[in-house]
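What follows is each chain in one-letter form.
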Amino acid sequence: MLGNHLNKMAKLLPDDYDFFPQTWMLPQDYKHFKEENSGKGGTYIVKPEDSCQGKGIYLMKNIETLKPSDNYVVQKYLTKPHLIDSYKYDLRVYVLVNGINPLRIYMYKDGLARFATHKYQKPEAKNLDDLFMHLTNYAINKESENFIETNEGDGSGTKRSMKTVLDHIEQLHGTATMIKV
């Protein structure tokens with residue numbers, strides 16, 4: 001549902017909703033997906049519509065492998081992610097919307113960062129199946145031989161606090177790049 005709602009908002013307010021990768025919901029967007037991407041040679045991330053914890057996710061370059069009846073969320077894969085120490089990561093920011101009118105949003109001060117366990121390389125045929133490189137899901141990466149338990153004392157580990165990551169970015173790039181909340 002999130003992908004559907006974001007796509008609807010992107011059509012209404014394209015300048016405000018340009019912060020997420022192109023997303024298609026299969027099977028309903030199958031024809032549109034094929035028309036837009038045939039012969040372009042991109043990389044796509046394919047996610048089962050009713051799964052969690054990274055189960056069933058894969059990367060592909062050949063869009064012909066998808067069938068018109070497949071139930072997937074397909075997104076253009078971002079091939080130049082921000083990296084820390086050559087590892088891909090994501091940030092989990094937790095918010096509570098307590099009211100709409102007036103709008104009241106509370107943000108938890110310290111979210112979560114999840115790291116891949118293999119150093120990132122641009123997707124190529126030889127590494128498309130390396131989920132430890134391309135996905136940041138904890139449930140997947142805890143099975144890696146490179147998995148490191150979290151140690152907030154030194155800011156290491158496969159799962160870290162958001163504060164640790166923001167502090168690292170601030171050390172590298174200065175406070176001008178940081179947004180304080």
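Residues numbered from 1 in each chain as written. Predicted model: local features only at pLDDT ≥ 70, side-chain atom pairs only at ≥ 80, totals over all residues. Heavy atoms only, no water.

Section: the environment of Ile 169
Relative to the elements of secondary structure, Ile 169 occurs in helix α5 (residues 162-173). Residues Ile 169 and Tyr 87, 82 residues apart in the sequence, show an inter-C-alpha distance of 14 Å. (Helix = DSSP H or I, 4+ residues; strand = E, 2+ residues; numbered from the N terminus.)

With respect to the confidence of the model for the chain
Note that predicted coordinates carrying low pLDDT should not be read in detail. In this model, the chain carries a mean pLDDT of 89, and residues with pLDDT of at least 70 account for 95%. The secondary-structure element of the chain with the lowest mean pLDDT is α5, recorded at 86, while helix α3 (residues 131-134) shows the highest, at 96. (pLDDT = per-residue confidence, 0-100.)

Some thoughts on helix α2 (residues 30-37)
Every buried residue of α2 is accounted for by Tyr 30, Phe 33, Lys 34 and Asn 37. Buried residues of α2 fall within an arc of 95° about the axis and therefore sit on the same side. Opposite the packed face of α2, turned more than 90 degrees from it, sit the exposed residues Lys 31 and Glu 35. Where α2 ends, the next residue or the one after it, Gly 39, has phi of about 80°, a positive value. (Buried < 20%, exposed > 50% of the residue type's maximum accessible area, 1.4 Å probe, protein only. Arc of directions from axis to C-beta.)

Quick word on the nonpolar core
Counting ten residues, the largest nonpolar core consists of Trp 24, Leu 26, Tyr 30, Phe 33, Tyr 44, Val 46, Met 60, Ile 63, Leu 66 and Val 74. Taken together, the elements giving at least two residues each to this core come down to β1 (23-26), α2 and β2 (44-48). In this structure, Tyr 77, Tyr 120, Leu 128 and Leu 135 belong to the second largest nonpolar core, which totals nine residues. (Core = buried A, V, L, I, M, F, W, Y, C linked by side-chain atoms within 4.5 Å.)

With respect to the pairing of β1
Side chains Thr 23 and Met 25 project from β1 onto one buried face, and the interleaved Trp 24 and Leu 26 project onto a second face that is buried too. One ladder, built from four bridges, connects β1 with strand β4 (residues 72-76); its direction is antiparallel. The partner of Met 25 across the bridge, within β4, is Val 73. (Pairing = 2+ DSSP bridges.)

What about a nonpolar patch on the surface?
On the surface, a cluster of nonpolar side chains totalling about 740 Å² of accessible area is made up of Leu 91, Val 93, Val 95, Val 97, Ile 100, Leu 103, Ile 105 and Met 107. Within the element layout of this structure, Ile 100 appears in strand β7 (residues 95-100). (Patch = residues over 30% accessible without salt bridge, like charges linked within 9 Å, V, L, I, M, F, W, Y side chains within 5 Å. Areas by Shrake-Rupley, 256 points an atom, 1.4 Å probe, with all protein chains shown as cover. Salt bridge = Lys/Arg side-chain N within 4 Å of Asp/Glu carboxyl O.)

Regarding the sheet that holds strand β6 (residues 87-92)
Taken together, the four strands give an open sheet; going across it, the order is β5-β6-β9-β10, and neighbouring strands pair in antiparallel fashion. Bordering the open sheet on either side are β5 (83-84) and β10 (159-161), each of which pairs with just one other strand. Two strands pair when backbone bridges link them, and β5 and β6 are joined in this way by two bridges, in the antiparallel orientation. Residue pairing in the sheet places Ile 84 in a bridge with Tyr 87 of β6.

Examining the environment of Val 73
Along the chain, Val 73 falls in strand β4. In the structure, Val 73 is positioned 48 residues away from Met 25 in sequence and 4.8 Å away in space, judged by C-alpha atoms. Sequence-distant contacts of Val 73, defined by excluding residues within four places in its chain, comprise Thr 23, Trp 24, Met 25, Ile 45, Val 46, Lys 47 and Glu 49. (Contact = heavy atoms within 4.5 Å.)

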